[in-house]
Every structure is written in C-alpha cells, then in structure tokens.
Amino acid sequence: VEDDVSSTMINFLAKLSNNNGRQNSNLAWKPGSDPCRDLWQGVVCDDKNASVQKLFLNRSSLAGTLDVGMLCNSQPLAASLKSLNLDGNNISGAIANEVGNCKNLSHLNVSGNQLSGILPSSLAMLSNLKELDISNNRFSGNLPNMSSLSGLNIFLAQNNQLMGEIPPYNFSKFDYFNVSFNDLSGPIPDLQNHFSADSFLGNPELCGNNLPKSCLSYPISDAKPPDSEESKRPSKRQILMYSGYAILGLVFILLVVLALCTGNKTRNKVQAEKEATDDSTIDKPSYASNEYKSSLSRPEVSVTTESGMVSKSLVVFSRPYVNDITLEDLMRSPAELIGRGKFGSLYKVMLDNGMMVVVKRINDLNISSHDFKQRMQMVSQVHHHHVLSPLAFYCSKQEKLLVYEYQENGSLFKLLHGYSKDFDWTSRLGIAATVAGALAFMHQELGECGIRIAHGNLKSSNILLNKNMDACISEYGATVMDDQELKIQQSSSFASSYAAGASDVFKVDVYGFGVILLELLTGKLVKSNGMDLTEWVESVVREEWTGEVFDRSLLSEYVSEERMVNLLQVAIKCINHSPEGRPTMNQVAHMINAIKEEEEKSLIYEARGWA
Ligand SMILES: Nc1ncnc2c1ncn2[C@@H]1O[C@H](COP(=O)(O)OP(=O)(O)OP(=O)(O)O)[C@@H](O)[C@H]1O
C-alpha cells in the first residue's frame, strides 16, 4: 500500500479520535507500518494486500470529527474503498460533498453518532451504493434524491431532523427502508406494498395510509410540485371538495354541541345520584377529566385536525386496538386521575373501543424532544413479555405524554403494602426472578444502542401485575436523571457515592432493584417514620441479627431461612454504596434463578415426602 494512503488513514483516524492529534490507542495504526501487511485493526484489504477495501471503525470510542473529504480526496484510497463503518461512536461533523469521489463505496454506515448538517447531493452519485445507514444522528435538510441508485437496497435514516418531502424512491428495490422520527412532510410515495407505516412514524407532517395524518390536502393523483403557481390555486374539484368538508364539519360540530348538552344533563343527574348514595371518600378515584382535558388541549398540545378527525401529533406504535387512536380520541375520552408522582400525573382513560389505557403526563423531563423521541422509539422496538411497551407517545417542547395499557391488578407496591396479606414466599421469589430477567434483557438490548437507556425510576409502584398476576415493568426509559436529581433522590448519608456512579445508568437500576428485593423480603416501606429501609437492613445485618429483617408473615410460612438469606445477600450486593461494586443485572438474574431452582427442587422433595 502506498505511503500516502497509510498517512491519510492515520490522519483520518487522528481527527476521528479527537485525542490531541493522536489516534485511538486501541487501534494502533502505526506510522511507517503497512495497513494490509501489518494487519491494522479494523482494516480489510484485497487478496493481494495491495489496497484498502473496508474500514470497520464501529464502536471504537471515537469522539472526534469526520473528515470524509480526507479519505475520498486521496486518489488510491478513493478508488479502492468499498465499505466505511463508523457505527456507534460519538463522532461529530458532517458528511462532506467529497464523499462522491469514493466511487466504489457500496456500504456507508455512520449510524449512532452526533453527525449533523445537510446530506450532500453527491451521495446520489455513488452508483455502487448498496447500504446507507445514517440513522440516529442529527442530520437536517432534505433527503437526497437517490432514485437513480439502482443497487441501493438498505436505506436507514430514522431519528434525525430531516425535513421536506420524500423523493420518489423505487420502494420495490429496498429490503430495508426507514425514515421514522424526523420532520418530513407531505405525502408518502407509493410504497408498492413493501413497507408499513412503521417506517414513517414520528413525522407529524407526513401523511398517508395508516399514518396519523391523512393526505386530504395532498390529493396524490393530482400531485403537482408543491410550490408551483398552479398548485397554489385550488382547482374546481378541490373547491367543491373543501366546501363539502366545511358543510360536513358544521353539521358535525352542531351534533357534538347537541350531544354535549344532553350528555351533561344526564351526567350531572347520575353524579348527583351517586353522591347522594355514596358518602365514602377513602380510596375513591378522583375524577379529573377537566384537568386532564385542559392539560391536553393547551395550545402546544392541541390537535390540528383535518376533516375534524385526524390528530396531527400523537405517535402511535402499531398494536391491535390502538392502531388508529388519535390525540383527539384521548382528549374526548373519560379520564380519571390515578396518581401524581414526582415525575408527573397519571390518568386512566377509557377509549371508544372500550380499551382502558393510562396516560402519563411527564413534568420537566430533562431531555430535548429529539432525544425523547429517539428513546421512546428504541424502547418500543425492544419487546419482552414482562416489560410494558408504550402504545403511543406525544412530545412537544413543553409537554410529554406516554400511553400504556392499563394493568388491572395494580402494582407490586400495593400488593406488598396494601390490605392483602396473601403474598407468599414462592410468589415473591417468582416476581423477583421475573423482574430481574426482564431488566437484564432490557439492559442487554438497550446497552448496545449509542445512548444506553436504563429504566431510570425502578421501584415497586412501577412493577405492575397483569390479569394473570404476571409482573411487568412499566415506564421503562421514561425518566432521565442527572447527577443533581440523583443526589436529591437519595438520603444524604450516601448521596455522593451514589451520584458519583450515575454515569453508569444501569447501575442505578441495579440499586433500585435491590431496594425492591428488600421490600419483598421485609414487607416494609422504603421510607417510613423517618426510617430508611436500606440503612435499617444494613444496620441489622451489621449487628448480626439477620433473622430480624424478614417479613413475619414469611417466617410463619416455614420458608427456608437459608434461601431468604441468599436472596438478602443478592439485595445487599445490589445496594452497594459504590456503583462499581454492584453486580450487573445479568449476574443478579443468574443468582436469583439459582435460588429459585433450589426452591423448586426442595418443593419437589417435599411433595414426594423425601424431606
Ligand atoms: N399501566 C398501568 N396500569 C395500572 N396502574 C398503573 C399503570 N401505570 C401506573 N400505575 C399505577 O398508578 C399509580 C400512579 O403511577 P405514577 O407513575 O403516576 O406514580 P409513581 O409510580 O408512584 O411515581 P413516578 O412519577 O415516580 O413514576 C401507581 O400506583 C402505579 O402503580
């Protein structure tokens, strides 16, 4: 390989590494050595070791600037390079127009970085391009028209800030196509039945079949360039169509007003009758539909409807029953306030189709709309039977809403600290194992995405029980805590050590899970009469009175104290003051499964009378 190729590559990597002109030491590309013969890490050469064909610099902790121009202006390299993979770093900068000089590039993957700027039109000149992945960055401007690239079969651009209309791509050529969660507008082109709405979700101004917004204002068959003079003047057909809609709209509004008047009278009567017969106020749900509706109909949340029916802004993930739910549906459905936590209020809402959902209004979440969208999309893509996925979300600068399925059997918190005393050891151990397994799975899946999304607010009120009494984790990823919040959240005695490790967000979840284990073992509240559960358990264990820790109702069940002590040891590891000292959720899940297996074996022994 020519010397100037080696030195270009070293300079390219030094810029990407942002390490005072030095490159990332893990990769060890040494001046004076040969990229092919000396087997530089991440470099793939041709059979004769004469030219560099592929660069795999993905997940290499690079946090500098991308200078594609440097690579593609170096003639031998520009001619030989077929694949450039920079996925999953923290690289900033833009894709320079010179990328068009890398004529043989077939795979370009810059996903999961901090890249920004406008996509160069020269991308459309890469006639060998097969895969282009620019997802999870901050690119803006229009999508390049790459309809002439006949070999392009993967195009991923989700989670950026791209604008404008989608060019007329030939969708039959794509195996994968995704432009969801951008700011694209206008009608989606003819998909030739190749892609579902999921590839386009999260673009409030995009319209088409199965998208929240219909294309009434963009009759596709009459499509003209949107800013041509003629398109600005409505045609006779359009005038007739709009007048029809206006009349229908008026009739609809009159009917709604009429229905509201009669409905109000009936409701007032029913309410009055109810109040007369029911004077108990304890545990009665507080009806809050007015507060809820006014919160949802504030200007920044209000729906812009077309033909009075289509919501502009609710992002709905495709699930049965809620596929065509709109923000308007949520607004007009009966709502009841069921909780007001630190991070927002929770409403129970009954949809027209009888489905019960909960809507969480999140206050002051320390996160931009773009990042929130990105988080929610990633969380919704990871499916685990014991994690409640959001059904839909809404997001503006001022307001964030999350919609979940209602879980009728309440929370683990209620089961432990409510009136029911019927919560035996086997069920507690089962819930601990289920939650640990689900959390380990989520950490594994979401640890691989660039931003590492943790639950962020794990506690027994966020562990819900479905109709089969199976535990599921709710509100995964809905809380983003900074160090300051962590300090406030924790008791002063170990706030600093706890917050110091906040950078590993997963270890914060491990701590939260440890506290849940302590609740399961002791049956005690996390905070009660000024006592902190973790401090109390630690002091009792220090004094070697471990037996005192356990819930009395468990002791009366003749549960093996050895297995309870084993579970307590797992809990104590999880609440280690030093985050680095805590196990990973995967390790926790293994430890709990081992205890559960022991328990199951002993139950079999007992059943056979061998004990
Ligand atoms: N999908 C759901 N179905 C049924 N009950 C739920 C659902 N989501 C939450 N809850 C319950 O509603 C109550 C209020 O929840 P909310 O999330 O507002 O408060 P929290 O969990 O106590 O506080 P935070 O704001 O810190 O999450 C809790 O008891 C919770 O268990």
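This is a predicted model, so every value here is computed, not measured. Position numbers for residues count from 1 along each chain, tracking the sequence in the order it is written. Confidence filtering applies because this is a predicted model: local features only for residues at pLDDT of at least 70, side-chain atom pairs given and counted only at 80 or more, and all residues used for totals across whole chains, interfaces and linings.

### Concerning the sheet that holds strand S1 (residues 43–45)
In a beta sheet, neighbouring strands pair by backbone hydrogen bonds and run either parallel or antiparallel. The line we're drawing: By definition, two strands form a pair when at least two bridges between them are found by DSSP. Going along the chain from the N terminus, every DSSP run of H or I of four or more residues is numbered as a helix, and every run of E of two or more is numbered as a strand. Inter-axis angles, ranging from 0 to 180 degrees, are taken between N-to-C directions of lines fitted to C-alpha atoms, where helices are fitted over the stretch in contact.
Strands sit in the order S1-S2-S3-S4-S6-S8-S10 across an open sheet of 7 strands; the sheet is mixed. Strands at the two margins of the open sheet, each flanked by one partner only, are S1 and strand S10 (176–178). The average undirected angle you get between the axes of adjacent strands in this sheet is 15°. In the sheet, strand S6 (residues 131–133) pairs with strand S8 (residues 154–156) via 3 bridges, with the strands oriented parallel. Bridging across to S8, glutamate 131 finds its partner in isoleucine 154.

### Section: the pairing of strand S2 (residues 52–56)
The pairing of S1 with S2 spans 3 bridges and is classified as antiparallel. Each bridged residue has a counterpart across the sheet, and for valine 43 the counterpart in S2 is leucine 55. Hairpin connection of S1 to S2: 6 residues between the antiparallel strands, including asparagine 49 at a positive phi of 60°. Of the strand pairs in this sheet, S2 and strand S3 (residues 83–85) are connected by 3 bridges, and their pairing is parallel. Directly across from leucine 55, in S3, lies its bridge partner leucine 84.

### Some remarks on the sheet that holds strand S9 (residues 163–164)
The 3 strands are arranged S9-S11-S12 in an open sheet whose pairing can be described as parallel. Of all the strands in the sheet, the pair left with one neighbour each is S9 and strand S12 (205–207). Where S9 meets strand S11 (residues 183–187), 2 bridges bridge the pair, whose relative direction is parallel. Residue pairing for S11: methionine 163 is matched across the bridge by aspartate 183.

### Considerations on the packing of helix H13 (residues 505–522) against helix H14 (residues 533–542)
For clarity, the threshold we go by: Each angle receives one of four descriptions, namely roughly parallel if under 35 degrees, roughly antiparallel if over 145, roughly perpendicular if within 65 to 115, and oblique otherwise. Throughout, a crossing is termed right-handed when the near helix is turned clockwise from the far one, and left-handed when it is turned anticlockwise from it by less than a right angle. Each residue is represented by a C-beta atom placed from its backbone, and any two residues with such atoms within 7 Å are regarded as in contact. For this classification, Asp, Glu, Lys and Arg are treated as charged, while Ala, Val, Leu, Ile, Met, Phe, Trp, Tyr, Cys and Pro are nonpolar and the rest, including Gly, are polar.
Running from N to C, H13 and H14 point in directions that differ by 65°, and their axes come no closer than 10 Å. The pairing of H13 with H14 is recorded here as roughly perpendicular in orientation. Crossing of H13 over H14 shows left-handed handedness. Contacts from Val515, Leu518 and Thr522 in H13 reach Leu533, Thr534 and Val537 in H14. Considered class by class, the residues forming the contact of H13 with H14 number 4 nonpolar, 2 polar and no charged.

### As for the confidence of the model for the protein
Selection criterion: Residue-level confidence of the predictor is summarised by pLDDT, bounded by 0 at the bottom and 100 at the top.
On average, residues of the protein score 78 in pLDDT, and 75% of them are at 70 or above. Low pLDDT, under 50, characterises residues 218–241; the stretch is placed with 12 contacts to residues that sit more than four places away or in other chains. Long-range and interchain partners of residues 297–312, a stretch whose pLDDT sits below 50, account for 37 contacts in this model, where long-range means more than four residues apart. Across the whole predicted complex the pTM is 0.54, and at the interface the ipTM reaches 0.97.

### Examining the site of the ligand
In plain terms, the rule: As used in this record, a residue near a molecule or strand is one whose C-beta atom, placed from the backbone, is within 6 Å of it.
In the vicinity of the ligand lie 18 residues, with Gly339, Gly341, Leu346, Gln407 and Ser411 positioned nearest. Put simply, the parts of the chain that give the shell around the ligand at least two residues each are strand S15 (335–341) and strand S16 (344–350). Top contributing element to the shell around the ligand by residue count: S15, with 3 residues. Taken together, the residues of the shell around the ligand break down into 7 nonpolar, 9 polar and 2 charged.

### Remarks on the UniProt feature "binding site: ATP" (unreviewed entry) in the protein
Worth spelling out the cut-off: UniProt positions are given in the numbering used here, feature names are shortened, and annotations may be inferred rather than shown by experiment.
The feature "binding site: ATP" (unreviewed entry), as given by UniProt, occupies Lys360 in the numbering adopted here. Mapped onto the elements of the fold, lysine 360 is located in strand S17 (residues 356–362). With near-sequence residues (within four places) excluded, lysine 360 lies in contact with Gly344, Leu346, Leu401, Leu402, Glu475 and Ala478.

### Some thoughts on the packing of helix H10 (residues 425–447) against H13
The geometry of H10 relative to H13 is characterised by a closest axis approach of 11 Å and an angle of 175° between their N-to-C directions. Considering their axes alone, H10 and H13 lie roughly antiparallel with respect to each other. Along the contact surface, H10 presents Arg428, Ile431, Ala432, Val435, Ala436, Leu439, His443 and Gly447, while H13 presents Phe506, Asp509, Phe513, Ile516, Leu517 and Leu520. Of the residues that constitute the contact of H10 with H13, the class distribution is 10 nonpolar, 2 polar and 2 charged.

### Regarding the environment of leucine 412
Condition: Every C-beta atom is placed from the backbone, and the number of other C-beta atoms within 10 Å of a residue's own sets its class: buried at 20 or more, exposed at 12 or fewer, partly exposed in between.
Structurally, leucine 412 can be placed in helix H9 (residues 412–417). Taking the number of C-beta atoms within 10 Å as the measure of exposure, leucine 412 has 24 and is therefore buried. Taking the C-alpha atoms as reference points, leucine 412 and isoleucine 431, 19 residues apart in sequence, are found 8.9 Å from one another. Non-local contacts of leucine 412, meaning those with residues more than four positions away in its chain, are made with Ile431, Ser460, Ile463, Leu465 and Ala471.

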